[in-house]
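In case you want the letters, here they are:
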Amino acid sequence: MNEECIEMIDIEDFGLAEPGKLRAGINLGNVLLVTGATETGNPFGVSPAIAAALARNLGFSVSYWTYPSPGAVADAADQEDWDICLIAEDPKRAETIEFCGAYAEIEATYMVPAGSKLTSLEDVDKPGVRIAVSDRSAYDLYLSRVLKHAELKRAPGLTAAFELFRDQKLEALAGLRPALLENAATLPGSRVMGGAYMAVRQAIGVRPGNPAFAKAVKRFVAEAKSNGLIDGLINEFGQRGRLSVAS
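The paragraphs below set out a description of the structure included in this document.

Each value, and the rule that gives it
- Numbering of residues starts from 1 in every chain and runs along the sequence as written.
- It should be noted that, the model being predicted, local features are given only for residues of pLDDT at least 70 and side-chain atom pairs only at 80 or more, the latter also being counted only at that level, while totals for whole chains, interfaces and linings use all residues.
- Working from all heavy atoms in the structure, the side-chain values ignore hydrogens and water.
- Only strands joined by at least two bridges in the DSSP assignment are considered to pair.
- To qualify as a helix, a DSSP run of H or I must reach at least 4 residues; to qualify as a strand, a run of E must reach at least 2; elements of each kind are numbered from the N terminus.
- By the criterion used throughout, a crossover qualifies as right-handed when its path from the first strand across the helix to the second strand runs clockwise, the strands pointing away from the viewer.
- Buried residues are those whose accessible area, probed at 1.4 Å on protein chains only, stays under 20% of the maximum for their type, while exposed residues exceed 50% and partly exposed ones sit between those limits.
- Nonpolar core, defined: a set of buried Ala, Val, Leu, Ile, Met, Phe, Trp, Tyr and Cys residues in which side-chain atoms within 4.5 Å join the residues together.
- Here, residues are in contact when the closest pair of their heavy atoms is within 4.5 Å.
- Only Phe, Tyr and Trp rings take part, Trp by its six-membered ring, and two of them pair if their centres are within 6.5 Å. Stacked means planes under 30 degrees apart, edge-to-face means over 60, and tilted covers everything else.

Where strand β7 (residues 130-134) and strand β8 (residues 151-155) come together, five bridges link them in parallel fashion. The partner of serine 134 across the bridge, within β8, is alanine 155. Between the parallel pair β7 and β8, the chain is carried across by helix α4 (residues 138-146), and the sense of this crossover is right-handed.

What follows deals with the pairing of strand β1 (residues 21-27). Each regular strand shows side chains that alternate between the opposite faces of the sheet. Where burial is concerned, most of β1 is hidden: six out of the seven residues are buried. For β1 and strand β4 (residues 61-67), the ladder comprises seven bridges, and the chain directions are parallel. What sits directly across from lysine 21, in β4, is serine 61.

This part is about the nonpolar core. In terms of nonpolar packing, the biggest core is built from 63 residues, with Ile84, Tyr110 and Ile131 touching the most fellow members. Examining the composition of this core, we find that nine residues originate from one element, helix α1 (residues 46-58), more than from any other. In this structure isoleucine 131 touches Tyr110, Val124, Leu147, Ala150, Glu151, Leu152, Lys153, Leu170, Ala172, Leu173 and Ala174, once residues within four positions along its chain are discounted. Tyr67, Val73, Trp82 and Ile87 belong to the second largest nonpolar core, which has 13 residues in total.

Turning next to unusual backbone geometry. What is expected of a backbone is that most residues other than glycine have negative phi and most peptide bonds are trans. Of note, the phi angle at glutamate 80 is positive, near 60 degrees, even though the residue is not glycine. Within the element layout of this structure, glutamate 80 appears in the loop between α2 (70-75) and β5 (84-88). Within the chain, arginine 136 stands out as a residue other than glycine whose phi angle is a positive 65 degrees. Structurally, the position occupied by arginine 136 is in the loop between β7 and α4. Taking relative accessible area as the criterion, arginine 136 reaches 34% and is therefore assigned partly exposed.

A complete count under the given rule lists four aromatic pairs for this structure. With a centroid separation of 4.9 Å and an interplanar angle of 80 degrees, the aromatic rings of phenylalanine 44 and phenylalanine 237 are classed as edge-to-face. Taken together, the residues span a long stretch of sequence, with phenylalanine 44 in strand β3 (residues 43-44) and phenylalanine 237 in the loop between α8 (229-236) and β12 (244-245) at a distance of 193 residues. On the basis of an interplanar angle of 5 degrees and a centroid distance of 6.3 Å, the ring pair of tyrosine 142 and tyrosine 197 is categorised as stacked. In this pair, tyrosine 142 is assigned in helix α4 and tyrosine 197 in the loop between β10 (191-192) and β11 (198-206), connecting sequence segments 55 residues apart. Among the residues examined, tyrosine 197 registers a relative accessible area of 13% and is labelled buried.

This is how it looks when you write it as structure tokens:
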């Protein structure tokens, strides 16, 4: 990692609720970004490590506020529990969160069961097609905007969406490609489609109304991508080939 190459920013406290401490809102629902917990119970993985690197860059300590889903993280914007959040950017979420740049991307696509006649992404958006999806995920929000004919069937989280797809014999499961490949390995004959209907862009967000803080976070994200910090964290936490540095 090249964290030391990121220039330290001369700051005071940016008017944060706890001077000297950066409170990071972390989504526990994405196993590519949070892969476990430390001995002290803190989340462990790419997104917590990025939050810690940002805190050090600003001269702060870091504390973690964890949530079971990205929707729960977004809801907490009004509660002022966190100073930054690490979830996928989306126009709906941007109504209450100022996103400061994406740091990683994950392809989203569909899985279909054995014997399915659906062969392309376009085939899925047809009348009578039911798609299981993790409720309020970035790809749920996106598909809610763009699908014209297929019906979304929501479940609370990735595991529940897979179980809904399997148990109710739905026509498709929407999700992140790495997770779908793992799901497909447990269902003989199932298939993950080629291509992607979107790239889910994982970003750092702040609450609106603090332009100096937002500027500092944007600067950090840009430098962390260009100097190899993000790529190094992806490799360190074993996510090479599953996550990529955001374009």
